[in-house]
Structures are given as structure tokens and as C-alpha cells.
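# Report on the structure
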Protein chains: 2
Amino acid sequence: MYEVNRERVNALLMGLAKFTASEEGVTRLAYSPLDKEAQNWLLEQVEDLQLSIREDAVGNVFLRREGVDSALPPVGCGSHLDTVIHGGAYDGMCGVVGALEALYMLRDAELKRSIEVLIFRAEESSRFGFATMGSKLLTGAATVAKLSKGGKKGDISFEEALRQWGCDPARAADAILAPGAYASFSELHIEQGKVLEEKNIQIGIVHNIAAPTRFKIHLQGMADHSGATPMGMRRDALVAAAKLILAVNESAEDEKEHGTVGTVGVVEVEPGSINVVPGAVTLWVDVRGVEPASIKRTLENIQAEAENVAVTDRVGVRIEMLTADSPVPLDKTLALQTEGICKELVYSFLHMNSGAGHDSMHMAKIAPTTMVFIPCKGGISHNPAEFASLDDICRGITVLAHILQKEANK
Amino acid sequence: MYEVNRERVNALLMGLAKFTASEEGVTRLAYSPLDKEAQNWLLEQVEDLQLSIREDAVGNVFLRREGVDSALPPVGCGSHLDTVIHGGAYDGMCGVVGALEALYMLRDAELKRSIEVLIFRAEESSRFGFATMGSKLLTGAATVAKLSKGGKKGDISFEEALRQWGCDPARAADAILAPGAYASFSELHIEQGKVLEEKNIQIGIVHNIAAPTRFKIHLQGMADHSGATPMGMRRDALVAAAKLILAVNESAEDEKEHGTVGTVGVVEVEPGSINVVPGAVTLWVDVRGVEPASIKRTLENIQAEAENVAVTDRVGVRIEMLTADSPVPLDKTLALQTEGICKELVYSFLHMNSGAGHDSMHMAKIAPTTMVFIPCKGGISHNPAEFASLDDICRGITVLAHILQKEANK
């Protein structure tokens, strides 16, 4: 196996970052002309790999290096090229560039199975309101009709975007791959959290991808004059909401050992005036975990506290569910194999879970799937300040190359 | 004394309500052309009272009915005609119309002192950012320069508004009245709270006007990915803020017997996204009371909890003071006189405080001052749904007429 080529990795990542609609950070929305230009540029850079190129019915791209036995299910790897608005140069790109660099490293290796680098379309929800659209369509987890419901005012529809990309929405189902289509699937990704950085660990081996349960809590009290309404006569929706903000936090804290997290990220106060007792509040809550039982306990605790507050604070409380996805376990055997590779390479490693969603969630339904995390500075992602060091990226790529080599010879 | 004329009272209130810039509710901003048109219309309706009319250097209007001894300081009464945006037909107007109706009731009465009905300009802060501007200028509590700092983008300056009204801002100090200018001052007003309604009381006798202390609490934590950041690694500014929302409420609850109230009316969350741990939160807090010692204890408790949360939640906490006014005691002798009048009229009454600010706060500095409250439906004010029944209004006017008669004969 060749050594990782730091200069090429850096050149590909920095070259991709130039395809941006914003000066600050990288803005390259899914299915946009920039998305296509970036991909075309990248394919030109790696022409010497002489990969065969296939695009499916929804725009996912497959770059194939043939193995000795072309009839065997290939080994899959890859990630995405699209970004959020004012995102960074690493989320997604490390997985695509890393997979291509791994093919360079394996150029002279004899491999039984073929390897395919997948470029998933629309991993980010920034343009069409749904995340991991390409991998959802690829695995039959969603239809174009369903994914067309999240579009934004002023933008074209998802169906129209597909057509502009050169795809026929009516033929989207042709993209669906059956279980077994890949021998395995591996994705290299920045952690998007700060666990690796804070623990000073080089490689994260992902065992589960957390699923978000998202809901709104609507609290209905009574708006009153803040000066003229004595404390005993109030039905302050914000005071009740504060108790639920703490309940969300405490319910998740109680499940900390199981990796469950709970966050209130949005507070809407009506009327929102300094001299009016808040009459109505809406909290937006995100609970995630990898253990269904732990997520369930967390949600039940929040629900119980909501019912309690409704009585003690004399407010109406209504929970509106937005999404309730199931956590996705990744392949344990592949995780142990990665552990062995890290030991061999003398890289520090940590078995961990992913709080963020990834295309691998869907790939896990059709193939044994694993993810390799590398640290990112301050855990910052989806932000112009997103950064991963070239050292960390190259360590991640080296691990990925070893995984692919082992998988391709199974 | 004549009986109160219900039809005239109703006609004047409903007539004034027609001078509105909005279809819903009443919108008649201070110093606007509508403010002048409404006042001119009102003065036309009461021409038969043959009052002498004086306007001071900042637009406050004085309608005088001469007493037997014109040299004695007159008895003052009145309120304001301006409204908030989408306000009601009663806040302020009851006090002006009520004072004029009281003069009708006293038309044949022999009175030693003259009576002046004051129409204060700009009691509401909706246009120029400061409340009780006319009475502040009248009593020397503020200058035009100071009151010119609260203007809104897109509107003319307060100075320009004064000029358009026909006043010379440079001569504003001519409006200042010395202590003793009035023998006493009385203001009839809707409660703007629901204490009278809930206790089923007809007349509120006001002893103190609460002073608002307003401040912002700025909390600085760390914005992080809500999925990828374990509970133990967070510095969630909203969780810390929730503790302070409860601290404001509990600190005021502890002072309930002293009438102190505390409200968080505004919550600003940064970045305010369902998948990001809040990095920064700003709370807008309003604390009011009538006892300086109780207000002080409340503020100290909030401050102590803010310092505590800064440590326990590892967040930066900064308190930014906006205003810290002193509560205003009204005249006790006048309050007892009103109690006697209520007993005589067989009206139920309650000694109480005003949580809202009024022009009487400032008049109290130059004359013994009293306020008479009447119930308003649901305590709702500053809202199109503001409502006071004609029965309650006429009871309030009758009490006011008796107060003025007694005062004018002292």
C-alpha cells in the first residue's frame, strides 16, 4: 500500500472549497450548478485512477475500481459534496476525498472485490428540508414525492431540481439498491463534536448513529400587564416553559451513561414584550440517543413533567411530534476490525456513537456499515470555522484504506 | 350635583375611539395629527362648559372652570388621549372624559377654587420610546433633549414632532410648573389589571404607583451540535437562563405580600436552531414594586442567583440595567377622603397599588395626588379587547366629581 499523499488530499479539499456561493465558509447547496461543477472538477482531478463512472436515477454517483472478481458485490465507501449555507470544507468532503485517496493508496494492490466510491446527493437538509436524500432514495427509505414536501419558498421544487440535474423524477425508483448490493460500506467523517478533541484521541470508531426525536412543546398561559398583575394571579407561560427546559436537560442528564442528549434550541415567546407576562411559549426540543429504551425513558420523563407543570402552573401544554426516528446500529464486526487496524497503525482510538445523522444510517440497511471519525477543531461544524487538521484527515484516510483493502479481499 | 350623564359619557368615549389609524382597536399616537383631531373634536363637544383653554410650551392642554376665588391654586384632574398601537378606547380617555363629565355634574355647584382638566401629551411610550412625556416635561422630571433619544427609525424626531404640533422646543422649560401650582390632582383610570374584577370590587383607591426596574441578563455559553455534544460537555446558555427565569419568578413570589412583581417578558436565543445547543441567551426583566426595600431584596436575590448560575453552569452572566425608577407614594389623606366618598355612595372599594405607571407619578411631585381605578374586563389593556363597562366608568366619574367638589371647596 502506498503512503497517503498529503499534498493531493489538501489540494483536493481546498480545491473543492473554492466551489462556493458565499465568500465566508462554503455554501454549495445540493443539486445546484455549483454542486455539479465541484463534482466535475473532482472527477477531472482523479482521472488517472481510471474509474468507471455511473450516475443513478437520482444523481448519486458511483466511481468504480474493478477487482479481480467483478461479479462479487463490491465494497462501498464515500460521503457527500453538498454543504449547508455558510458551512465548512470538511463535512462530507473528507469522506469523498478520503475514499478517492484510499484508491490511490491501493492502486497497486491486488483486490478480489471491486471498490465503489459513492457520492451521495443532498446529505444536508439546507436546500430541500430533508437530510440524506440521496441515500434515502438509494435504499428505498423515501420517495421523491415525500422528499418534495420540504422545499423552500422562492426555490424550485425537488422534482424540478432533479430534472435540471438531468434526472427523470418518474424513474427515481430505478435508483433503489437491494440489500446485498455491497459487501460492506465505510464512511470517513469529521466527528462534528468535541469528544475526540477533548480526549485527545485520533480515531473514533462509530457503533451507533443516534436518531433525533424532535417535538414542539406549546404552552398556553395568559398574557397580562407585568406591572398590574400580582404574582398570585398569573399564568405565566414562560415560567412553566423554564421548568420544562430544565426537565429536558435533567431527563437527558439522567440518561447520560446511555449517551442520550436533550436540547431546547428554540424558544418562541408571545407577545414577547418586557411589560407583558408571557401568554404563550413554544419550545423546540431535540432528543437523541442510540438506545431506544433510554430515548423512551427520556421522552416519558419530559412528558410527565409537562403534565405536572400543566397542573401546577395552570397552563395548557401540548406536545407536537415532528420526527421520531430510530437509532441505527452499525456493524460490530467492522468496528472490531477497525480497532485492529488502529492498533496496527498505533493510532489512539475510541469506540463511540454519532450524535449527528449520516448517509451511513441508510446504507446500514443494505450492507454491513461502519464509520470512522476524525477530530474537528472545537467540535465546530456547519460553520465557516469548521476545521480538521491534515494530520488527522490523513490518519483517517489511512485507516479507511486499510478497511477497504481488508474488505475487498474477503 | 347633577347625576352622571351616561349617554354623554358613552358618546364622548365612542366618538374619541373613531380617531384611529388602525381598523382594529385604537391607534392614536402621541403628537400625531389624529391626536390633535381627537382633542379638537372633544373640545368642540364640551364647548357648552365654557372652559378657558390654555396650551403649554410642550402641548399639554389645560381646560379651566373658574372658581369663586380665582387666585387660589386650582384643583387639577385629567389624563391622556394618546394610545399605544392597537390599543383600546379606555386607557387615558376615561380620565379625560371623566374629568369633563365631572365638570358637567358640578356645573351648578358653587366652588371656591377653580378646576383644571389636564390633557397630558404622550403618556404612552409607543411613539417616542418614553412614557408620560407631557407630565415629565410639566414637572421638570425630564428635558426635551433627554426625551429625544428614544425615537424610532423612520419617524420624525420628538423635537420635530413638537414643532409640527406648534411648539418651540427651545421654550419647553416654560411648561414647568412649580410645586403648589395645584391644590391637588386626581386621575381616574382603568385598573389595567384584574384585581378589582376578580374580587368584584367597584372602586380602587390607589396608594402607591410601582416603579419599574428593568434590566437585561446576558448569558454566554457555547453553541454546539445538539446531537454530537454529550450532556457533560455542554455550556447551554438556555438551561442557565431557565434557572434565572425561575429565580426572577421566585424572588418576586417571596415578596408577594409587599406587592412586588417580577417578569421575564423577552427571551432571545442564539443561534435559535433546533439542532444547536444555545450559545447565548438574553432575558429582558421587569421588576416592580411600591416598597423600595422589597424591590431591593428582589433584585439582590436575582443577582445572587445569576452569580450562582455563572459558576454552576459555567456561563458568562452580565446584567445590563435599563431603568431603575423609584416607586411613588400618592396622598394618604386624599385616599381616605375617597374611602369616605365610596362609603357615602355605597360603592365597594379596595385600597390598592398601581403596577402600571401614570402621569400622576409626576404630578405627585408638585401636588397632593390621588388616583381612582375602575375595573376593566379580564385586566386587559393596551389591546383592542380593552373594555370597561359604562356602569363602572360612571361610578368612577361620580367618585371623581365628589373628590373635585370637596377639593374645590377646601
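Residues numbered from 1 in each chain as written. Chains lettered and ligands numbered in written order. Predicted model: local features only at pLDDT ≥ 70, side-chain atom pairs only at ≥ 80, totals over all residues. Heavy atoms only, no water.

This paragraph deals with the pairing of strand S15 (residues 369-374) of chain A. All names here are of chain A. Counting buried residues in S15 gives six out of six residues, a clear majority hidden from the surface. The side-chain alternation of S15 yields two buried faces, one formed by Thr369, Met371 and Phe373 and the other by Thr370, Val372 and Ile374. Examined bridge by bridge, strand S5 (residues 184-190) and S15 share six bridges and lie parallel to one another. The residue of S15 that forms the bridge with isoleucine 190 is isoleucine 374. Bridging between strand S6 (residues 203-209) and S15 involves three bridges; their strand directions are antiparallel. Across the sheet, the residue bridging to glycine 204 is phenylalanine 373, located in S15. (Buried < 20%, exposed > 50% of the residue type's maximum accessible area, 1.4 Å probe, protein only. Helix = DSSP H or I, 4+ residues; strand = E, 2+ residues; numbered from the N terminus. Pairing = 2+ DSSP bridges.)

Each side of the interface is counted separately: chain B has 53 residues, and chain A has 53 residues. Taking both partners together, chain B and chain A bury about 4,400 Å²; carbon and sulfur atoms supply 67% of that area. It is Met231(B), Met233(B) and Ile274(B) that lose the most area in chain B upon contact with chain A, and together they represent 17% of the buried surface on that side. Along the contact surface separating chain B from chain A lie two salt bridges. Residue Asp224(B) pairs with Lys194(A) through a salt bridge whose shortest N-O separation is 2.7 Å. Remark: the boundary between chain B and chain A carries eight residue pairs in polar contact (both at pLDDT 80 or more). Listing elements by their share of the side of chain B that touches chain A, those giving two or more residues are helix H7 (195-199), strand S8 (224-225), helix H8 (237-253), strand S9 (261-270), strand S10 (276-277) and strand S11 (280-289) of chain B. Sorting elements by how many residues they give to the side of chain B that touches chain A places H8(B) first, with nine residues. When grouped by side-chain class, the residues that make up the side of chain B that touches chain A number 25 nonpolar, 17 polar and 11 charged. (Contact = heavy atoms within 4.5 Å. Buried area = accessible area lost by both parts, 1.4 Å probe. Salt bridge = Lys/Arg side-chain N within 4 Å of Asp/Glu carboxyl O. Polar contact = N/O pair within 3.5 Å; in protein donor to acceptor, adjacent residues only side chain to side chain. Nonpolar A, V, L, I, M, F, W, Y, C, P; charged D, E, K, R; others polar.)

Bringing the packing of helix H1 (residues 6-17) of chain B against helix H2 (residues 33-45) of chain B into the picture now. How two helices pack is summed up by the angle between their axes together with the distance between the axes. Residues and elements named next belong to chain B. The N-to-C vectors of H1 and H2 enclose an angle of 155 degrees; their axes lie 10 Å apart at closest approach. As the angle between them shows, H1 and H2 are arranged roughly antiparallel. H1 and H2 meet at a crossing whose hand is right-handed. Seen from H1, the contacting residues are Ala11, Leu12, Gly15 and Leu16; seen from H2, they are Ala38, Trp41, Leu42 and Gln45. Tallied by class, the residues present in the contact of H1 with H2 amount to six nonpolar, two polar and no charged. (Axes fitted to C-alpha atoms, helices over the stretch in contact; angles between N-to-C directions. Parallel < 35°, antiparallel > 145°, perpendicular 65-115°, else oblique. Left-handed = near helix turned anticlockwise from the far one by under 90°.)

Residue and element names in this part refer to chain B. Along its 21 residues, helix H9 (residues 292-312) runs 30 Å from first to last C-alpha, staying within 8% of the 30 Å computed at 1.5 Å per residue. Where H9 is concerned, the buried positions are Ser294, Ile295, Thr298, Ile302, Ala306 and Val309. Projection of H9 onto a plane perpendicular to its axis shows the buried side chains occupying an angular sector of 115 degrees, all on one side. Facing away from the buried side of H9, by more than 90 degrees, are the exposed residues Pro292, Lys296 and Val311. Where H9 is buried, its residues meet strand S7 (211-220), H8, S11 and strand S12 (316-324). Of the residues one or two after H9, arginine 314 is the one with positive phi, at around 50 degrees. (Expected span 1.5 Å × (residues − 1). Arc of directions from axis to C-beta.)

The two copies are related by a screw operation: chain B maps onto chain A through 180 degrees of rotation and 0.1 Å of translation along the axis, at an RMSD of 0.2 Å. With respect to symmetry, the two chain copies, as superposed, fit the operation of a two-fold axis. Distance from the rotation axis, computed per C-alpha, reaches its smallest value in chain B at Ala242(B): 2.3 Å. Mapped onto chain A, 100% of the interface residues of chain B again fall at the interface, so both copies present the same surface. (Least-squares fit on C-alpha atoms with pLDDT ≥ 70 in both.)

Quick look at unusual backbone geometry now. Residue Pro271(A) is reached from Glu270(A) by a cis peptide bond, and omega for that bond is 0 degrees. Positionally, Pro271(A) belongs in the loop between strand S9 (261-270) and strand S10 (276-277). Phi is positive for Tyr31(B), close to 65 degrees, though the residue is something other than glycine. For Tyr31(B), the location among the structural elements is in the loop between H1 and H2. A residue is classified by how much of its surface remains accessible, and Tyr31(B), at 4% relative accessible area, is buried.

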